[in-house]
Amino acid sequence: MSSFLPSWIRTMFRVFWAMPLVTKLCTFWLTTIILAAIFADFIPKLADPSYQGFLFGTDVTNDGQSLHHWLGTDNNSRDILSRLIYGTRVSLTVAVTAVAFGTFFGGLLGSFVGYVRGRREAAIMASIDVILAFPALVLLLTVVTLLGKRNLLVISLVVGVLAIPYYARVSRANALAVSRREFVAAARAIGTKDRTILWREVIPNVMPTVLAFALVSAAVTVVLEGTLAFLGLSVQPPTPSWGVMINAARADLRINIWPVIWPSLMLVFTVYSLNNVGDWFRIRTAHKTAAL
Amino acid sequence: MNMTLRKRGTGMRLTAVLLAAVMVATACGSDSDDTSPSATTVATETTAAPEAPETTTAPTTEAPATTATPTTTTEAPPVGPAQGGDASVGLEAEAPGLRPWEDTCSSPCYNMMAAVFDKLFEQYADGSYGAFLAESISANDDFTVWTMNLRPDVVFHDGSELTAQTIVDMFVVHQTGAQSAGVIASSKLINVEATGDLEVTYTLSGTNAIFVANLSRAPIGMVFAPSTGADEDAVTAAANAPIGTGPFMVDSRDVDNKTVMVRNPNYWMSDSFGTQLPYLDSVTFHPIPDEGTRLSSLASGTVTAMQSLRQASIRDARDTEGLWLFEHQGNNTGGGMFNVTVAPYDDARVRKGLITMSNQAATIEALGGEGISLPTTQLFASESPFYSEAIAAAYPTHDMAAGSALVQEYIDDPDRSDGLAVGEKISVTLSCPPDPTLIAAMQVSQVLWEASGLVDVELTGFDQATHIGMAVGAADGTFIGTHDIHCWRWGSEDDPAAGMLSGFGDPFDPSGAGALNFSNWYDEEAYGYVVEATLTDDVAERAALYEKFGLIMVEAMPIYFSGGTATVIATAEGLGGLDSWEMPDGEAGIGHPSAEGRWSQAYWAAE
Amino acid sequence: MLAARLVRLVATILVVSFVTFMMVNLLPGDPINALVPPEAQNNQEFVEQLREEFGLNDPMMVRYANWLGDAVTGDLGKSVITSQPVAGEIWRRLPITAELALVAIGFSLFIAIPLGTLSAYKQGKRVDQSISAAAQVSLSIPNFVLGLLLIYVFAMRLQWLPATGWTRLTESVSGNIKSVILPALSLALAEVAVYTRVVRSDMISTLQEDYILSARAKGLKDRFILFRHALRPSSLTLITVVGLNVGALIGGTVVIETLFAIPGLGKRLLDAVFQRDFLMIQGITVFVAVVYVTINTLVDIIYMLVDPRIRKKV
């Protein structure tokens, strides 16, 4: 790495080189699908995921693998590969929203109550306990049905809001621990304001753990979206989503398993990668925190 | 006027046989690589009734539009009904309950209900009505008083006897039944009286020449035991332990899992050779919602029969060895309807333009129904006596240019109803229940409409209840629905009168006559024909009236068709009789429309 | 202390039931639409009578109070769709879902305990690494994907096991075993990963305790030490994690029961959601939440009773 590169890129490379091979591959996979999802519109020769060639005499429905359609076509003669790539957008959008909401609202809320303790903590944690009293999927199902209209925005927001309590719990536990540390006590002793301590000492020390949790929770979110889609409760067509693709193809599983296999593989690879990289970061942060 | 139900003459019978032969030929045309015998060759002799003189016309050939196609046998087995044996049937959904007057029922559930309950009237193969549990019925001159005679010596599963009083007691339950209350209202039925031991008199508030059609449908046509309506607990219990006069009795019912029915040893009906029905010892119904696993279960022998309304499943079943397929399409067709009170669908150019851009053949292909389902142009299939060539000719065929031109005309109209500027695209919302099949169909329309460059399409999915809630009008006509374009499915082999009457009434009529007019399209002249059609029982006369109505509708285009709905009951090789069941008078019944099987006369073919 | 925990449990259940009630009643679409067939929708009198019957005309709080009052006596109302009592439906289906969940937990512990123990024993060695890697993979396969694959291989291709349906234990033991295997496996795999990790990390710390070291010094066989001395303290953590995972398992049964067409609570809940059967959704959701909260409280209490360190802390 030459010094021409900005320091954050050098840090990223250093982190990357520190990873074991499998984690490197996982990072590579995640980077690839994220880039593919973002720049899908610019991938040369990638078909429009909603283009139904059979209507215009260019393609056939339920086609097998071919040079033209690497993974074949679905029953609307749409290119499966293209739908997989565009389907990544749904999974990633939902995951990113959940992480953003969770880290921001959940992380701050948890850090706050973990630091201030007292009645406010009791009240907030009690309401969080109520939300956590529902099995996540059951709650999600009811809320999504409740909203009626389902597009990517709605699904992401619902999953995002529902992620907050989980993050709050994780960050609270960490904030509790951090608050007992010597440097917090020292800051208090010299009369630093609570708000300053919260922002300067507690939150920065809670966040690394929360971010490691974020990757693992992103994996959970991707599965949740897949499950909702599989049950027919995620985004509306024609937006492609892996779960939607599995659901649409499973009736003909017996005759042709491939349209089920492809999106399933995407799901498994992505979830595995998020878990793997998340775990690696978690262990790393744990070591670092311990060394503080 | 005094009328008894007519039997079909031999002429009709011959036509039916010919028609069946044609249908069979069509069905085999695609994969006639073997000498696969069609159902026409099946069942030439029956072992169950050796004393039977000669049964040269196989019962299987009589139902038009139904074909049992053994896919593997290379030689026609000398089959006929054998006594005994069990059948297990994979259904696409569980019945919410087995109370005809109360529980929402569709194809899978009718398979079960028809095994427990007999109807007062049933349909012949040609769709006309014949006495079943009733023996006869007659009406006065203006069709307001109907006198029905019941079959004697019929007992319920619980041992009680069927009398005229039973029908009167049923009416009490019917008035509060979720399914029956509406039928009572639309059939104009106001009173039921026992005028003899077995004589029942129905009094209507107005003319209804096809009242018999109501008595052949589940809500008020299926006969249940008087004890059922005793109190609220009895009514609740009847959902899972129904008591009828039917061929099978519910032995056990584990909702969402299986319902076991055993032979009713006291069943009143015998086949034309005097053998007491039913043939089977038991029939078990399993709800298997997943299409793929349902067919797998049949292929692997976990069940011995299954039903499906999905075209791709029929395709897959045809490719599976060792099955007999009982296919049927009939009047059942899918499509959509426009809410004509909402812009831009309030303009006929938009409606017609969108329909002209639609492509039925492609929709059918996307659903896997190529060579299985037929395109449709009206509410009636070509076999129906109400089918009209003129309407078929008037219905637009797929033509992007012509369709675009119509929409373009609207877009260029300075007075366009959606208030947008001249030249701006129209936006439409298409909504279907979240069923993978419908979603596939909906996306075909979306791509075609958007391909014109003139239309923005949004797709939404709502479950059936929400769907209806959005579309159903208020009784006083103040609310005409919040829907845009709705997926819908029409058609059954039932007489169309009642459905047409409520489906095309004036949505702004304070009496609520048009609250079920989901498209809100109302044409006074056209509706006049629909009303007129309920005043006569002459089929030809009525067909002419429906044609007049249809020709006006095909111009206004409040609804469109996306292809017929083929249905199938597939059975393990040897399990037959679904297409050949007979009415008490020995004539062929209607078979298995919409994959609604009558298991009373199903049998394992004797070797 | 125990009493405080129980009071908190009751309070949580009350709030949970209230939240569920509000949510379900905010569902879009009039529940009456689900109940009344199209032909009867314009029959105002009839619709009104039904609204009255289901108490849909009362104010929300009155309805909640009524519902709660009945619920305490075990009456959860009746299904809007089938008019069957909700409580009866829950009791009829509970054994199925419970069996499925228990077998899934059984499967996962059966696999996880030996694997986790082995992993801990061979800490850092290749075996340990492979087990960790396998656990991570199994954690990444969504249960419905696994279920579909199992159906494809064992039901459709090999035809060893049924793809759908359920045979009750009371009907046929062998039939019951056959119908539980595939769905339970689909649910178990992700749990295996979680439990293996728990057993492993717990075991590793236990193995460093003095009494284990002394047992080793006494020359006791490794296997004996592992399963007699080391596993028992680890089981406490395991119970906690199993308890915490019940939530995920319940969510899992919704999907798996739907996929395998098993007549359990999860499938009924999903069907109710699709049919807008509001009393059924309400009944099952509250029931499930109560079970979940209760299990977690029980786990907490057991933990407190068994582990003196925690008792002191609280």
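Shown above is the structure to which this text applies.
Predicted, not measured: the structure shown is a model, and the values here were computed from it.

Some remarks on the overall build of chain B
And then number 1: A count of helical and extended segments in chain B gives 18 helices and 22 strands.
And then number 2: By residue count, 63% of the 607 residues in chain B fall in the buried class.
And then number 3: Of the roughly 20400 Å² of accessible surface on chain B, a fraction of 53% belongs to carbon and sulfur atoms.

Topic: the sheet that holds strand S18 (residues 485-490) of chain B
Residues and elements named next belong to chain B.
And then number 1: Spatially, five strands are ordered S17-S16-S18-S15-S19 in an open sheet, and the strand pairing comes out mixed. Both edges of this open sheet fall to strand S17 (455-461) and strand S19 (559-564), since each of them pairs with a single strand only. Each strand of the sheet is rotated relative to its neighbour by a mean of 30°, with strand direction disregarded.
And then number 2: Direction of pairing for strand S16 (residues 426-432) relative to S18: parallel, over a ladder of two bridges. Bridge pairing links Ser431 to His486 in S18.
And then number 3: Of the strands in this sheet, strand S15 (333-338), S16, S17, S18 and S19 touch helix H10 (residues 348-357), which is tilted by about 150° from S15.

Focus: the sheet that holds strand S6 (residues 134-139) of chain B
Residue and element names in this part refer to chain B.
And then number 1: The sheet built from four strands is open, its strands ordered S6-S7-S9-S8 with antiparallel pairing. Each edge of the open sheet carries a strand with a single partner, namely S6 and strand S8 (189-194). The sheet shows a mean angle of 20° between the axes of neighbouring strands, direction not considered.
And then number 2: Along the sheet, helix H3 (residues 164-174) makes contact with strand S7 (145-150), S8 and strand S9 (199-204), crossing S8 at roughly 150°.

A look at the interface of chain C and chain A
In many analyses, interface size is given as the accessible surface area lost on bringing the parts together.
And then number 1: Taken together, the 43 residues of chain C in the interface contact 36 residues of chain A.
And then number 2: Between chain C and chain A, a total of about 3400 Å² is buried, with carbon and sulfur atoms accounting for 80% of that surface.
And then number 3: There are one salt bridge connecting chain C and chain A.
And then number 4: Here Asp279(A) ties to Arg197(C) by a salt bridge, and the two come within 2.8 Å at their closest N and O atoms.
And then number 5: Contributing elements (two or more residues each) for the side of chain C that touches chain A: helix H1 (2-25), helix H6 (126-139), helix H7 (143-157), helix H10 (222-259), helix H11 (265-275) and helix H12 (278-306) of chain C.
And then number 6: With eight residues, H1(C) is the largest single contributor of residues to the side of chain C that touches chain A.
And then number 7: Looking at the side of chain C that touches chain A residue by residue, the class counts come to 31 nonpolar, eight polar and four charged.

Some points on helix H18 (residues 539-556) of chain B
All names here are of chain B.
And then number 1: Taking 1.5 Å per residue as the helical rise, H18 with its 18 residues ought to reach 26 Å, and the 25 Å between its terminal C-alpha atoms agrees with that figure.
And then number 2: Along H18, the residues that are buried comprise Arg542, Ala543, Leu545, Tyr546, Phe549, Gly550, Ile552, Met553, Val554 and Ala556.
And then number 3: Taken together, the buried residues of H18 touch H10, helix H12 (389-394), helix H16 (497-503), helix H17 (524-533) and S19.
And then number 4: The N-cap residue of H18 is Asp538: its side-chain oxygen and the backbone nitrogen of Ala540 are 3.1 Å apart.
And then number 5: Count one or two residues on from H18 and you reach Met557, which has phi positive near 60°.

A look at the interface of chain B and chain A
And then number 1: The interface is formed by 30 residues belonging to chain B together with 23 residues belonging to chain A.
And then number 2: Contact with chain A buries surface across chain B, with Glu365(B), Gln443(B) and Val447(B) losing the most and accounting together for 21% of the total.
And then number 3: Taken together, the connections running from chain B to chain A amount to three salt bridges.
And then number 4: In this structure, Asp252(A) engages Arg310(B) in a salt bridge whose closest nitrogen and oxygen atoms are separated by 3.0 Å.

Observations concerning the state of the cysteines
As used in these notes, a disulfide is a covalent bond between sulfur atoms, one from each of two cysteines.
Residue and element names in this part refer to chain B.
And then number 1: Tallied over the full model, the rule gives two disulfides over all chains.
And then number 2: In this model, Cys105 is linked to Cys109 through a disulfide, with the two sulfur atoms separated by 1.9 Å. With the S-S dihedral at roughly -110°, the linkage between Cys105 and Cys109 falls on the left-handed side. In this structure, Cys105 and Cys109 share a single accessibility class: buried.
And then number 3: For Cys432, the disulfide goes to Cys487, at an S-S distance of 1.5 Å. Pair noted here: Cys432 is in strand S16 and Cys487 is in strand S18, with a separation of 55 residues, a long-range link.

Some thoughts on the pattern of salt bridges
Residue and element names in this part refer to chain B.
And then number 1: Per the stated rule, a full pass over the model turns up 37 salt bridges over all chains.
And then number 2: Of the charged contacts in the structure, one is a salt bridge between Glu94 and Arg253, with a shortest N-O distance of 3.3 Å. Residue Glu94 is located in the loop between strand S3 (86-91) and helix H2 (107-116), and its partner Arg253 is located in strand S10 (residues 248-254); the two are separated by 159 residues in the primary sequence. The burial state of Glu94 is the same as that of Arg253; both residues are buried.

Structural notes on the side chain of Thr228(B)
Residues and elements named next belong to chain B.
And then number 1: The topology assignment puts Thr228 in the loop between helix H6 (218-221) and helix H7 (232-237).
And then number 2: Given the relative accessible area of 7%, Thr228 is considered buried.
And then number 3: Beyond its immediate chain neighbours, meaning those up to four positions away, Thr228 contacts Trp101, Ala234, Val235, Ala238 and Ile243.

Observations regarding the packing of H1(C) against helix H4 (residues 60-72) of chain C
Residue and element names in this part refer to chain C.
And then number 1: Packing of H1 against H4 leaves a shortest axis separation of 11 Å and a crossing angle of 130°. Here H1 lies oblique to H4, going by the angle between them. Every pair of crossing elements has a handedness; the one defined by H1 and H4 is right-handed. Where H1 approaches H4, its residues Leu14, Ser17, Phe18, Phe21, Met22 and Asn25 are matched on the opposing element by Met60, Met61, Arg63, Tyr64, Trp67 and Leu68.
And then number 2: Each residue belonging to the contact of H1 with H4 can be placed in one class, and the counts come to nine nonpolar, two polar and one charged.

Some points on the pairing of strand S12 (residues 282-287) of chain B
Residues and elements named next belong to chain B.
And then number 1: In terms of burial, S12 is a largely internal element, six of the six residues being buried.
And then number 2: A two-sided burial pattern is seen for S12, the buried positions comprising Ser282, Thr284 and His286 on one face and Val283, Phe285 and Pro287 on the other.
And then number 3: Across six bridges, S3 lies against S12 in parallel orientation. Looking at S12, one finds that Ala87 is bridged to Val283.
And then number 4: As defined by bridge partners, strand S11 (residues 258-263) adjoins S12 across four bridges and the pair is classed as antiparallel.

Reading the values: the criteria
- Residues numbered from 1 in each chain as written.
- Chains lettered and ligands numbered in written order.
- Predicted model: local features only at pLDDT ≥ 70, side-chain atom pairs only at ≥ 80, totals over all residues.
- Heavy atoms only, no water.
- Helix = DSSP H or I, 4+ residues; strand = E, 2+ residues; numbered from the N terminus.
- Buried < 20%, exposed > 50% of the residue type's maximum accessible area, 1.4 Å probe, protein only.
- Areas by Shrake-Rupley, 256 points an atom, 1.4 Å probe, with all protein chains shown as cover.
- Pairing = 2+ DSSP bridges.
- Axes fitted to C-alpha atoms, helices over the stretch in contact; angles between N-to-C directions.
- Contact = heavy atoms within 4.5 Å.
- Buried area = accessible area lost by both parts, 1.4 Å probe.
- Salt bridge = Lys/Arg side-chain N within 4 Å of Asp/Glu carboxyl O.
- Nonpolar A, V, L, I, M, F, W, Y, C, P; charged D, E, K, R; others polar.
- Expected span 1.5 Å × (residues − 1).
- Polar contact = N/O pair within 3.5 Å; in protein donor to acceptor, adjacent residues only side chain to side chain.
- Disulfide = S-S within 2.5 Å.
- Parallel < 35°, antiparallel > 145°, perpendicular 65-115°, else oblique.
- Left-handed = near helix turned anticlockwise from the far one by under 90°.

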